Amino acid sequence: MAIENQDKATPTSGKEVVPPHTPSAMNTSPIDLGHIEVLQILNEHGEVDAGLEPNLGDDTLMQVYRAMVLARTFDQRMLTMQRQGRMGTFAPNLGQEACIIGQVVPLTENDWYAPSYRSFGAQILRGWPMEQLMRLWAGFHDGFPPPENVNDLPFSIVIGSHVLPAVGIGMGMNYKKKKECIVVNYGDGASSQGAVSEALNFAAVYKAPVVFVCENNGWAISTPVQKQTMNEVLATRGSAHGIPSIRVDGNDILAMICATQEAVTRAKNGDGPTLIEAITYRMSLHTTADDPKVYREESQLDPWHCRCPITRFETYLKNKQLLTDESIKTTLEECEHDVIAARDAFYAMPAADPSEIFDYLYESIPEELKAQRDEYLQRLRDKWEDS
Ligand SMILES: Cc1ncc(C[n+]2csc(CCOP(=O)(O)OP(=O)(O)O)c2C)c(N)n1
Ligand SMILES: [Mg+2]
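Residues numbered from 1 in each chain as written. Chains lettered and ligands numbered in written order. Predicted model: local features only at pLDDT ≥ 70, side-chain atom pairs only at ≥ 80, totals over all residues. Heavy atoms only, no water.

*Asks:* Could you give an account of the nonpolar core, naming the residues involved and the relevant values?
*Replies:* Core analysis: the biggest nonpolar cluster contains 67 residues, and F74, M134, W137, I253, L254 and F313 have the highest contact counts within it. Discounting chain neighbours no more than four positions away, the residues touching F313 are L42, L61, V64, Y65, M68, I253 and L254. (Core = buried A, V, L, I, M, F, W, Y, C linked by side-chain atoms within 4.5 Å. Buried < 20%, exposed > 50% of the residue type's maximum accessible area, 1.4 Å probe, protein only. Contact = heavy atoms within 4.5 Å.)

Right, here's the structure in full:
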């Protein structure tokens, strides 16, 4: 998606207004933030900082809004399908829509994107058909390869493992003298993986055109960020490697777009990587296999309800006369229509062949495994005959 007036989309200064995961203690971290900026452009009431407001153009703003609503609609439908027993394990992204959409808006189709498993909103915007993502989450291996002409990596379940390969892609861009970049998205939990530190160091040393987006949603399954690290300011992990790093209000779509745009421009100008720590909150389950009631109080979500990234953006768009209550309703209906159409296309796809689970580990299947396969398939046949 092209951004109009790109240089106007670049923030000139930041303000110390982003809430960390102890909201009342905003920016009272004992860690010295040094020169790390904290960027917010649209506050919780949808009021814009006129000095930082990007000139994105009305069409882009509306496309971004629709992408956020579509991400949430897809999210809700996937949860419903999973609860109906028609979907595999799924990782919701409720409340993180600004973060996930904003980080890919400044990318062109020549740029690359390395998603995490919670990045489906960005994947849809990058061109992944929703029915393919459904197939992927239902466990079909043919859902994983990126569509033709979409420069994305398949997402990795092994947390942080895609970050080093993303740096390799960035180094390849430098080697080929291409004015392109890659955005790689990973979580606060993944940021503690050793490979992520290696990736940051390599990117810094080789000036790789990489934008690291560390999506700090407060939780790594049941581990709160405060227990996972003694340095909650994850952006310092970038600056420790000599990488320009910034904290961004991850529920502020304008801040996310501006910070990413600035990082993309830096990368394409040959000035190397940037790390964006996007502060947001996981409002929903870790995955559908998780029950957060076991480890967090409902009341912990309270401060975040009023930070909803979609409501905030709607207020902004209404103030700009771009949105009305009526067009909000229409957008939602259109997104629901599109998601239902994708669901029906997914349901119409051929069922899995259970014998396939034996097919891809060995070039030729060992005799012992063949025997297990035959026994398994016979048991399935017996079960179907009984039912
Ligand atoms: C290397 C590795 N260790 C453990 C896991 C199990 N695991 C899956 S998700 C997750 C937490 C990840 O948290 P975070 O990086 O903050 O991302 P989020 O799920 O919050 O988006 C863990 C530990 C894994 N997938 N890979
Ligand atoms: Mg997390």
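*Asks:* Talk me through the site of ligand 1; I want residue IDs and the actual numbers.
*Replies:* Near ligand 1, the surroundings consist of 15 residues, among which Y117, R118, I157, G189 and A190 are the closest. Between an oxygen atom of ligand 1 and a main-chain N or O atom of W219, the distance comes to 2.8 Å. For ligand 1, the accessible surface in isolation is 580 Å², of which the surrounding protein chains cover 73%. Because more than half of its atoms lie within 2 Å of the grid, ligand 1 is assigned to the largest pocket. Looking at the shell around ligand 1, its residues break down into eight nonpolar, five polar and two charged. (Near = heavy atom within 4 Å. Polar contact = N/O pair within 3.5 Å; in protein donor to acceptor, adjacent residues only side chain to side chain. Areas by Shrake-Rupley, 256 points an atom, 1.4 Å probe, with all protein chains shown as cover. 1 Å grid on protein atoms, 1.4 Å probe; cavity = no way out; pocket = protein on both sides within 12 Å on 5 of 7 lines; lining within 4 Å. Sits in = over half its atoms within 2 Å of the grid points. Nonpolar A, V, L, I, M, F, W, Y, C, P; charged D, E, K, R; others polar.)

*Asks:* Tell me about the packing of helix α1 (residues 58-83) against helix α11 (residues 309-319), residues and numbers included.
*Replies:* Packing of α1 against α11 leaves a shortest axis separation of 11 Å and a crossing angle of 155°. The pairing of α1 with α11 is recorded here as roughly antiparallel in orientation. Taken as a pair, α1 and α11 cross one another with a handedness that is left-handed. In this structure, α1 uses L61, M62, V64, Y65, M68, V69 and R72 to contact α11, whose residues at the interface are P309, I310, F313, E314, Y316 and L317. The class makeup of the residues in the contact of α1 with α11 is 11 nonpolar, no polar and two charged. (Axes fitted to C-alpha atoms, helices over the stretch in contact; angles between N-to-C directions. Helix = DSSP H or I, 4+ residues; strand = E, 2+ residues; numbered from the N terminus. Parallel < 35°, antiparallel > 145°, perpendicular 65-115°, else oblique. Left-handed = near helix turned anticlockwise from the far one by under 90°.)

*Asks:* Quick rundown of unusual backbone geometry? Include the residues and the values.
*Replies:* In this model, K177 sits at a positive phi of 55°, which is unusual for a non-glycine residue. Assignment of secondary structure puts K177 in the loop between α5 (163-175) and β3 (182-187). The phi angle at Q321 is positive, at roughly 60°, despite the residue not being glycine. Counting through the fold element by element, Q321 comes out in the loop between α11 and α12 (325-347). Here Q321 falls in the exposed class, since its relative accessible area comes to 69%.

*Asks:* Which residues make up the environment of L70, and what are the values?
*Replies:* Mapped onto the elements of the fold, L70 is located in helix α1. Residues L70 and Y295, spaced 225 residues apart in sequence, show a C-alpha to C-alpha distance of 30 Å. Dropping the residues within four chain positions of it, L70 is found in contact with I124, M130, C335, D338 and V339.

*Asks:* An account of empty space enclosed by the protein is requested, with residue identities and associated values reported.
*Replies:* Scanning the model with the defined rule gives one cavity of 30 Å³ or more in all. Computed from the structure, the largest cavity encloses a volume of approximately 40 Å³. Forming the walls of the largest cavity are Y186, S191, V196, L200, C214, L234, R237 and L275. Residue composition of the lining of the largest cavity, grouped by class: six nonpolar, one polar and one charged. (Points joined across faces, edges and corners; volume = space filled by probe spheres on them.)

*Asks:* Which residues make up a nonpolar patch on the surface, and what values go with them?
*Replies:* Together, F202, V205 and Y206 make up a nonpolar patch on the protein surface, roughly 320 Å² of accessible area in all. Looking at where Y206 falls in the secondary structure, it is placed in the loop between α6 (194-205) and β4 (210-216). (Patch = residues over 30% accessible without salt bridge, like charges linked within 9 Å, V, L, I, M, F, W, Y side chains within 5 Å. Salt bridge = Lys/Arg side-chain N within 4 Å of Asp/Glu carboxyl O.)

Function cannot be read off these values alone, since they describe shape.
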